[in-house]
Structure formats: C-alpha cells, structure tokens
Amino acid sequence: MRREWLSRDPENAQVAQRAEFTRDPTPAATHFTRNHYPTPSIDAEEWTLSVTGLVDRSADVPLADLQRTFRTETVTTTIGCAGNGRSGFRPRAAGHQWGVGALSTARWTGVPVGEVLHSAGACLDDDCWVAAIGDDAPEGESVFARSLPMRKLLEDCLLAYGMNGHPLPAEHGAPVRLIVPGWYGTNSVKWLSRLHVMETMLCGPEWEEYTHWQQEKYRLVPQGEQPTERETIDAFDLGDQFADPSIRHPFMYGMLVNSLIVSPGPDESLAPERGDSVTIQGVAWAGDNDISAVEVSTDGGETWHSATLLGDDEQPCWRQFGFEWTPRSGTHTLVSRATDDRGRTQPAAISDPDERLLTIANRKFPWNKRGYASNAYGPVATTVTAE
Ligand SMILES: Nc1nc2c(c(=O)[nH]1)N[C@H]1C(S)=C(S)[C@@H](COP(=O)(O)O)O[C@H]1N2
Ligand SMILES: [Mo]
C-alpha cells in the first residue's frame, strides 16, 4: 500500500510508509493528495490562464502558448500540507487526521511566474500581491484562492504543467498549477485559472467569495479566538510571523524547519549481530531556509548525537541524513531534531490549548484550532526494539 486514503470524495490520501521519503522524487502515484473539492475535469485545449488586475495588458494565455512562448524550468521541491501531523494534537484539532504522510517531494516543470507577469506588463513592486485562483469550487462554494506576495512569486514560483517528467496528473492540478517552493502546500494552487495582481491580499466584501481559504482557513489561531481579515503583512516565513507581535494569527506561508526518521520504521524489530551498527536514516526540510544541522536521539530526546547530512545543500527540498547506531537490546524511542541556517530548532512537544501560546515557547509548539504546522519532534517519534 503506497497511499492511505483519508477520504475518496474529495480525494485525500497520504503517503502510507515513511520508507517512501528516501525515494527521490516521490512517484506521482505515491505523492500525497489534498483536495478540498472534487477533482475538476478541465479540457486542456480550452483552458487559458487569465492575467488581470494591475497589468498593462490583460491576457488569456492558452496552454500551448505557455509551453512554447516562455522559458521552462524544472524544480525539485518538498511540499508539506499545513495539516500534516495534525493527528499529534491533543485534544484533537478539527480536520482530517493526517499522520506524517501529507508530505512529498517532486520535480515540477513549468514556466517561472515572473515570465508571464512580465509579458502582461504587471506591476512588479515588492508590496503588490497576486491572487492565484483555482477552478475547482462547485457552484455556491468559496473559490479556492490564495494571495501570494510579488517578491516570492518572482523569486522561484512556477506555473507547472509537468510532474516527475510526465504531464501533470488531474488530481495534482492539471492542466496547470502554481508551485510555491518551501511554503505550505495550500499556496500551490491547483487547477489554476487566473492570476489577479492587486495592492492587497484578497479581503473585504468585494472579494467575498474568494476570501475564505486566505483569511479564515490557513491561519494559526489559538483556542477561543477568531482570525480577523488583514490587507497585508510583510513577514512570510512562519517563524518570522511568530516573531512579529502585530501578526496575531499567522498565515500559512513559509514552512518551519522539520525532520522525520524514515528508517528503521515504526515498531521495527532489529536483530543486528552483536556489536554491529544500524543506520538511522531520515529527511529534514526548512522551507525557504537551509538545514544547518540534524541531531538524532535514541532515548526520546534525553541525549542527542550529530547526524551526517547527505546530498547538496541549498535545495528547496528535503535533505537526507544518516547516523550509525549500535543498539543495546531493548526498546528505544527514536527522534530527530533539525536546525535551520538561522539557528532555529524544532520544539519537543505541542502545548495544551489552555496555555494559549501564540508562538513556539518553552520547547512547545502552539496548539491551534486547526492543528496546523506542528514541527514538534515528540509526536512523530518512532519506537523500535533491538534483540
Ligand atoms: N484549487 C485548489 N488548489 C489546492 C488545493 C485545493 O483544494 N484546491 N489544496 C491545497 C492544499 S491544502 C495542498 S496541501 C496542496 C496539495 O497538493 P497535492 O494534492 O498535489 O499534493 O494543494 C493545494 N492546492
Ligand atoms: Mo494543505
């Protein structure tokens, strides 16, 4: 079993085995799927991308033009759903109870968003916003749309029509989706139909049908509070939003540093020859930042050892790591703890709701109503037994 279904209609499936995470890339058939509405069927021949708002020339770009007229790039990136790890929240947070499998890495091929904005004569100022609008909402439902800051779009975002060297599959957003490397998956709008350049985020009565997924959902909100609409913010990395007291309910943008032990797998029994070592393997990722170190503990976080980072640094995707361990017989709790290149480390646990935390404090991640964005290592620990 490659994927475990959380619901079939709409389709929501997570990667079933941690072992998949050291495959590079995650095959499309294994990649997690997170849909709020059923997968729409869109005729690629009829499809166009509308570019509207603060532009000199509004445009409707057909797929063939997108593929032929503009520069193409391929980017490998790790996408994690903001709800990944939600099942670790106590008490339970609302929504699908994702384990650790709403996380995958793929190679996306498409056109840098800046190419298309440029050719439409869009306002490219740093303080402009672009609404990325999806085409999946059934009649009467809120349109799936996200507001992205211009600087990020120009830096590294793609209008993707290919995944792992094949045409983009329907459930991953065909014919074209946005890819926002290093940011929570919700920003990578699938079944993209329109880019609208504006001075603010989607907000206010004028955009009523478009604001739900931007302003209400995908905010980090403690027990007993409600998020209020904002027109703009100027910190995007979730850690930077935590550090800005003017942003009380952060938006799900740049991902926090995180890691996971892949092998040995949960509940595995190890039978190494006496004195032989076992390789502990895992993956670590840090959104827009780089991983600077990973530590591994075999006693649930009491003592820590430096792991070896493998592969390239400066990739907008996960870094693999390894640690040679000579287990004594008995039961062991394995956890990993990554640190990003800005010195920020994963917390140990998720807080209680009544602590009302608004940021990571005392090595605790703030419990929040929708169970978003936990990077605590405790809830994703694995237990193994050595003979
Ligand atoms: N139009 C649209 N785009 C969407 C979604 C959606 O429901 N509708 N889900 C978002 C969320 S919450 C995530 S985590 C990613 C998941 O991408 P995937 O299904 O290709 O893994 O798509 C995002 N893009
Ligand atoms: Mo998500």
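Residues numbered from 1 in each chain as written. Chains lettered and ligands numbered in written order. Predicted model: local features only at pLDDT ≥ 70, side-chain atom pairs only at ≥ 80, totals over all residues. Heavy atoms only, no water.

**Student:** Could you give me a rundown of the pattern of salt bridges, with the residues and numbers involved?
**Tutor:** Close approach of charged atoms allows side chains with opposite charge to pair. Taken as a whole, this structure holds 17 salt bridges when the rule is applied. With a shortest N-O distance of 3.1 Å, Arg3 and Glu171 are connected by a salt bridge. Remark: Glu171 occurs in the loop between strand E11 (166–167) and strand E12 (177–179) and Arg3 occurs in strand E1 (residues 3–8); sequence separation between them is 168 residues. Between Arg71 and Glu73 there is a salt bridge; the shortest N-O distance is 2.5 Å. When its relative accessible area of 42% is taken as the criterion, Arg71 is described as partly exposed. Overlapping salt bridges bring together Asp237, Asp240, Asp340, Arg342 and Arg344 as one network. (Salt bridge = Lys/Arg side-chain N within 4 Å of Asp/Glu carboxyl O. Helix = DSSP H or I, 4+ residues; strand = E, 2+ residues; numbered from the N terminus. Buried < 20%, exposed > 50% of the residue type's maximum accessible area, 1.4 Å probe, protein only.)

**Student:** Now, about the domain arrangement of the protein chain: what can you tell me, with residues and values included?
**Tutor:** Domain boundaries in the protein chain define domain 1 (3–218) and domain 2 (258–386). Taking only C-alpha atoms into account, the centre of domain 1 sits 28 Å from that of domain 2. Domain 1 puts 33 residues into the contact, and the matching count from domain 2 is 29 residues. Three residues, Arg18, Thr22 and Phe89, lead the burial of domain 1 against domain 2; their summed loss comes to 28% of the area buried on that side. The shortest N-O distance in the salt bridge between Lys152 and Asp288 comes to 2.8 Å. Looking at the side of domain 1 that touches domain 2, the elements that each hand over two or more residues are strand E6 (73–80), strand E7 (103–112) and helix H3 (150–156). (Domains from an automatic or database assignment. Contact = heavy atoms within 4.5 Å. Buried area = accessible area lost by both parts, 1.4 Å probe.)

**Student:** An account of the site of ligand 1 is requested, with residue identities and associated values reported.
**Tutor:** Taken together, 18 residues sit near ligand 1, with Phe32, Asp136, His172, Arg177 and Lys190 positioned nearest. Within the side chain of Asp136, a nitrogen or oxygen atom sits 2.7 Å from a nitrogen atom of ligand 1. Within the complex, 100% of the 530 Å² of free accessible area of ligand 1 lies under protein. Considering only residue class, the shell around ligand 1 consists of six nonpolar, eight polar and four charged. (Near = heavy atom within 4 Å. Polar contact = N/O pair within 3.5 Å; in protein donor to acceptor, adjacent residues only side chain to side chain. Areas by Shrake-Rupley, 256 points an atom, 1.4 Å probe, with all protein chains shown as cover. Nonpolar A, V, L, I, M, F, W, Y, C, P; charged D, E, K, R; others polar.)

**Student:** Quick one: what's the story with the environment of Asp352, residue by residue and with numbers?
**Tutor:** By secondary structure assignment, the location of Asp352 is in the loop between strand E22 (349–350) and strand E23 (364–365). A relative accessible area of 43% places Asp352 in the partly exposed class. When the C-alpha positions of Asp352 and Pro366 are compared, they lie 7.8 Å apart, and in sequence the two are 14 residues distant.

**Student:** Could you give an account of the confidence of the model for the protein chain, with specific residues and numbers?
**Tutor:** When pLDDT is averaged along the protein chain, the result is 97, and 100% of the positions lie at 70 or above. Within the protein chain, strand E15 (residues 269–270) has the poorest average pLDDT of any element, 92, and E12 the best, 99. (pLDDT = per-residue confidence, 0-100.)

**Student:** Hey, could you go over the packing of aromatic side chains for me, with residue numbers and the actual values?
**Tutor:** Applying the stated criterion across every chain, the model contains 14 aromatic pairs. Judged by centre distance (6.2 Å) and plane angle (70 degrees), the ring pair of Phe242 and Phe365 falls under edge-to-face. Here Phe242 is found in helix H5 (residues 238–242), whereas its partner Phe365 is found in strand E23, with 123 residues between them in sequence. Among the aromatic residues, those joined into a ring-pair cluster are Tyr37, Phe144, Trp213, Tyr218 and Tyr372. Positioned above the aromatic ring of Trp5, the side-chain terminus of Arg3 is 5.0 Å from the ring centre. The ring of Trp108 is capped by Arg177, whose NZ or CZ atom sits 5.0 Å from the centre of that ring. (Phe/Tyr/Trp six-rings, centres within 6.5 Å; stacked < 30°, edge-to-face > 60°. Lys NZ or Arg CZ within 6 Å of the ring centre and 35° of its normal.)

**Student:** Tell me about the nonpolar core, and name the residues and values.
**Tutor:** Counting residues in each nonpolar core, the largest one holds 90 residues, and the members touching the most others are Leu66, Leu159 and Leu178. Built from parts of two domains, this core gets at least three residues from each of domain 1 (3–218) and domain 2 (258–386). With near-sequence residues (within four places) excluded, Leu159 lies in contact with Leu49, Leu66, Thr109, Gly110, Val111, Val113, Val116, Val176, Arg177, Leu178, Leu192 and Leu195. The next biggest cluster of nonpolar side chains, apart from the first, holds 18 residues, and it includes Ala284, Val296, Phe323 and Ala338. (Core = buried A, V, L, I, M, F, W, Y, C linked by side-chain atoms within 4.5 Å.)

**Student:** Residues and numbers for the sheet that holds strand E16 (residues 278–285), please.
**Tutor:** With respect to topology, four strands assemble into an open sheet ordered E14-E16-E20-E19, the strand pairing being antiparallel. One side of each edge strand has no neighbouring strand; the edge strands of this open sheet are strand E14 (258–263) and strand E19 (308–309). Across seven bridges, E16 lies against strand E20 (residues 319–325) in antiparallel orientation. Considered in E20, the bridge of Ile280 is made with Phe323. (Pairing = 2+ DSSP bridges.)

**Student:** Give me unusual backbone geometry: which residues, what numbers.
**Tutor:** Cis geometry marks the peptide bond from Ala174 to Pro175; its omega dihedral reads 5 degrees. Mapping Pro175 onto the fold places it in the loop between E11 and E12. The omega angle of the peptide bond from Ser263 to Pro264 is 0 degrees, so this bond is cis rather than trans. Positive phi outside glycine occurs at Asp267, with the angle close to 65 degrees. Tracing the backbone through its elements, the reader meets Asp267 in the loop between E14 and E15.

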